[in-house]
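What follows is each chain in one-letter form.
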Amino acid sequence: MFTFRSALRMAEIVIEPVPLPALHASHAGTWVRDANGSTRESSKGEAIMAAADTPVLLLNAPLVATRLGYPDLSGLDLLELYAFVHPARFCVPTPKGLADALSLEQPTSDDAVPLLLQKAAGALLQTCEKQDWAERDGAWSTLQSLVRLRWPWAQVLAPHIARPEQAEKWLFSKLPEWEETPERPQPASVVLSESEVEGQLEYLTGAGAERREGQRSYAKAASKVFAPRRERGQPHVLLAQAGTGIGKTLGYLAPASLWASASQGTVWVSTFTKNLQRQLRGEARRAWPERRADGTRPVVVRKGRENYLCLLNLEDALQGGFGGRPAIMAQLVARWAAYSQDGDMVGGDLPGWLGTLFRKRAIASLTDQRGECVYAGCPHYRKCFIERAARASAQADLVIANHALVMVNAARGRDHAQRPTRIVFDEGHHVHQAADSTFAAALTGAEAIELRRWILGPERKSKGRRRGLAARLADVASYDEAGGAAVEAAVAAAQALVSDGWLQRLHDNEPYGPIENLLAAVRALTYARDESANGLSGQEAGYGIETEVADLPGKLIQLAQEAMGALTEIRAPLVKLGVRLEAIVEDAPDWLDAQGRARIEGARNSLAWRIDLLAAWESMLNRLGGPADPEFVDWFAVDRSDAREFDVGIHRRWLDPMKPFARIVLEPSHGVMLTSATLTDRSPDGADWDSAVQASGAPHIEVQPQLSAANSPFDYANRAEVLIVTDIKRGDLPALAGAYARLIEAAGGGVLGLFTAIRRLRIVHGRIADRLARAGLPLFAQHVDPIDTGTLVDIFRDDPKASLLGTDALRDGVDVAGDSLRCVVMEAVPWPKPSILHRARRAANGGSSYDDRMIRARLAQAFGRLIRSKDDAGHFVVLSSAFPSRLLSAFPDGTPVIRLPLEEALQRVASGVSGLDQPLPAKDNLQS
């Protein structure tokens, strides 16, 4: 076995390639390098045979398998080795990214990648032999487990990791414990002066920083939401539009940090994207130290429970709950957990690509997805990442969260004292979307089966740590007879819920139980009324289908009443159980210690959540056959993906979701700020504040928001152009693919392509990826490459020659400044999907003007990806011959908008034309 022990004795260590064969596949071709140093281009078949004969070095095996068209490909994946050697460290999962992470020379061409893989393996193995290897602790013990699991790297690693002189501690014994802290007192009443805010802003921006008047006025406006509230239920509400480049983050952090320091209170900043959370964490270091003198953190990032590693789930996985590849992943996650800053598995310091190397579901199963936490009943409760974050946020000056968590915490937070009262909603244009999701209700097969599992626990041969209600509250049931009877009644009643195999039974017309009977009737009626896909049934087209709740057959109404009765039978004992738990807490027995009390409080919170869910379902079913409630929109749906049916159900949304938002989030608060670069509609008549005020929810609590606007300082007239290509016919996919390829070639990469349909994205990618790769222009795509969206953006940002295709998730929240993003291409006008929900809201909000506001917002958000700093420049291209002029106001004032054929657009993109620096086309082609 190859080792570096002799090399370590040398004065200067030289990294030698590991003598193992290496394989690299891209859209440009496939290359294999022999163990002894000969690289050759090969066919896909030859590469597959080479990988089957002997373990080969690979980088991102799922991606290589996709490129080769061989899903069973396996080998020695350098990403797995990197995750073992450097847990909780960032690495872009590309040859260039790996080279940068290991300080190796970047490969200049595809045929140089196999040699890089051999050198990278050598560098990582050599790290394991260094005395100063920072992540040595725990490596030997983990490796022994991985040897037993037959991890391909285990035998290669074994000679390079020395057995420690003392036994290594188990992960669960070396994680630090959180400590109880006293409740923070009520914040003091503080009034911030404008001079104080200006001084703090100058401090945060730094000496010698450019003085931006827009940022100064923005910061002073933001300070108003921190003033003492005058009346109960009447918070200070500020709507602040801040153009890109204003510096809004420091603009609101200046008054927020002043107020937090003076009042000893907590400010919550809520975002919609994980990218902005990461940015905020960095910016906040200007205002707060990493730790206070007592070791606590003044700035804490909070996410939903489903984002954090559950230590009890991990323990179960490490002790046999997982098998095969997921078991290997669990060992790598355990390595990461020992070095993680906060245990955040989604957008934190766990590499986003780790889950795709194994199975995303395996990663998800290590989190608390089903709300089954036993709180103080867990042996790892004192070390729990989730509990640590919750307690840290109670003592923090700044909590960085997301819209959904803020709303859920306000609606059903366990601790009323921790509910936010001063909130800044950054990316405020997404608050409506987050509220729409948070306050929605859906009685679907997937939701019903999750409730069944929460009550009953594991059934038949199912594996995992799932514990039913009876197991979680066994001691309470044995102590309290009435509580035990309530648990038994709930378990018996839950048998009526959907169970495993329900979709197949619906397909075979053999539903079992009242809920499945109802879902079968819903499915049948939805298909009967389907008119989608130009006359084709949704089943044939492969798309999800829906129908409104109207003129329902009597049989379906009868089934709904039977299902409602079954749900009531479940809810009633849960309510009784909640009452009994409350009684136990109030009249505590001798055996109920502080941890037991905390566990019961957690159980009460979880019960209340399920009781509310059941009540919402009953309300939906009670409405069937009766008059419509004007505040809600109800519909039936069959959800499908790639011609595969995956859920059936009844859905309810608020017609205006800002109504519950106003009551639950705004009304209890003291100050709330909604800020964004696209808060108002850029209508042809100017900024539309009326629609922004209505969308804020403030009118529902009779509050008149304060308004603030700061325009972007960027020179759009000379740094950007909007090109509307007029000769690509709608529906002509070969022409669309050709246009994308030629635009990417003209730009030399650096193109973000945005699609309104996944199907068209896949077709375009399939037609052009090989062609571009042969020109040295790598192309990546959502819904094609087996890589999570965050990692795709990291890859795109890291390589100026790369281009990225995607859908809605890339239209907003992607911050790629500099040369890596030089051109944004939209394949069509982003018309809203003509759903039942959209139709109802359109009718209630001005008809076509509502559509136009939505489209202009999407265009503005997409255009915002292009210019992220004063030095950025580029083109925004729309491949639509019928782009309505009324939508052009979506773009910043002064931005040249040019209608032209593709050939002229290619010339402008290739020459790097930016606005008025270059001659413009004839005047009749120019619109501004």
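Right above here is the structure, for reference.
Parameters and conventions
- Residues numbered from 1 in each chain as written.
- Predicted model: local features only at pLDDT ≥ 70, side-chain atom pairs only at ≥ 80, totals over all residues.
- Heavy atoms only, no water.
- Helix = DSSP H or I, 4+ residues; strand = E, 2+ residues; numbered from the N terminus.
- Rg over C-alpha atoms; globule rule 2.2 N^0.38 Å.
- Buried < 20%, exposed > 50% of the residue type's maximum accessible area, 1.4 Å probe, protein only.
- Contact = heavy atoms within 4.5 Å.
- Areas by Shrake-Rupley, 256 points an atom, 1.4 Å probe, with all protein chains shown as cover.
- Lys, Arg positive; Asp, Glu negative; His and termini not counted.
- Charge placed at Lys NZ, Arg CZ, Asp CG, Glu CD.
- Salt bridge = Lys/Arg side-chain N within 4 Å of Asp/Glu carboxyl O.
- Pairing = 2+ DSSP bridges.
- Axes fitted to C-alpha atoms, helices over the stretch in contact; angles between N-to-C directions.
- Polar contact = N/O pair within 3.5 Å; in protein donor to acceptor, adjacent residues only side chain to side chain.
- Core = buried A, V, L, I, M, F, W, Y, C linked by side-chain atoms within 4.5 Å.

> Looking at this structure, how should I read the overall build of the chain?
Helix and strand counts for the chain stand at 39 helices and 26 strands. Here the C-alpha radius of gyration of the chain, 29 Å, is about what a compact globule of 928 residues would show, namely 30 Å. Principal axes of the C-alpha set define a box for the chain whose edges measure 75 × 75 × 65 Å. Evaluated residue by residue, the chain yields a buried proportion of 54% over its 928 residues. Of the contacts made within the chain by residues no fewer than 6 positions apart, 75% connect residues no fewer than 24 positions apart. Surface exposure of the chain reaches about 39,900 Å², of which carbon and sulfur atoms provide 49%. Distance between charge centres in the chain, computed from 107 positive and 113 negative side chains, equals 1 Å.

> Would you take a moment to explain the pattern of salt bridges for this structure?
Two side chains carrying opposite charge are able to pair once their charged atoms lie near each other. Evaluation of the coordinates by the stated rule reveals 47 salt bridges. The closest approach of N and O atoms between K96 and D798, which form a salt bridge, is 3.3 Å. With a gap of 702 residues between them, K96 in helix α5 (residues 95-101) and D798 in helix α35 (residues 789-798) connect regions that are remote in the sequence. You can call K96 partly exposed: its relative accessible area is 22%. D798 gets classed as partly exposed once you look at its relative accessible area, which sits at 22%. R391 is the partner of E387 in a salt bridge, and the nearest nitrogen-oxygen pair spans 2.4 Å.

> Would you explain the sheet that holds strand β14 (residues 644-654) in this entry?
Within a beta sheet, neighbouring strands are joined by backbone hydrogen bonds and run either parallel or antiparallel to one another. Taken in spatial order, the four strands of this open sheet run β11-β14-β13-β12, and their pairing is antiparallel. On the outer flanks of this sheet lie β11 (441-444) and β12 (545-548), each paired with one strand and no other. Across the sheet, the axes of successive neighbouring strands diverge by a mean angle of 25 degrees, strand direction being ignored. Across four bridges, the pairing between β11 and β14 is antiparallel. Across the sheet, T444 pairs through a bridge with G649, a residue of β14. Helix α21 (residues 445-456) rests against β11 and β14 of the sheet, and its axis sits at about 85 degrees to β11.

> I tried to follow the environment of A566 on my own but got confused; where do I start?
Within the secondary structure, A566 sits in helix α28 (residues 554-586). As for A566 and V824, which are separated by 258 residues in sequence, their C-alpha atoms are 52 Å apart. Apart from the residues lying within four places of it in its own chain, the contact partners of A566 are A496 and P514.

> Looking at this structure, I do not really get helix α3 (residues 61-68). What am I missing?
At 3.6 residues per turn, the α-helix brings residues three or four places apart onto the same side. Of all the eight residues making up α3, seven are buried; the element is thus mostly covered by neighbouring parts of the structure. Every buried residue belonging to α3 is among A61, P62, L63, V64, A65, R67 and L68, and all of these are buried. Positioned one or two residues after α3, G69 has a phi angle of 70 degrees, which is positive.

> What am I meant to see in the environment of G776 here?
Looking at the secondary structure, you find G776 in the loop between α34 (758-774) and β21 (779-781). G776 sits 574 residues away from E202 along the chain, and the two C-alpha atoms are 45 Å apart.

> When you look at the side chain of S669 in this model, what are you seeing that I'm missing?
Within the element layout of this structure, S669 appears in the loop between α30 (658-666) and β15 (671-676). Reaching out from S669, the side chain makes a polar contact with the backbone oxygen of V665 at a distance of 2.6 Å.

> Help me out: how do you make sense of the nonpolar core in this one?
Side chains that are nonpolar tend, in soluble globular proteins, to be buried together. Grouped together as the largest cluster of nonpolar side chains are 68 residues, with contacts concentrated most on L78, F84, W153, L157, L309 and V333. Leaving out residues up to four positions away in the same chain, L157 has contacts with L81, F84, L125, C128, L143 and W151.

Purely geometric stuff here, so don't read any function into it on its own.
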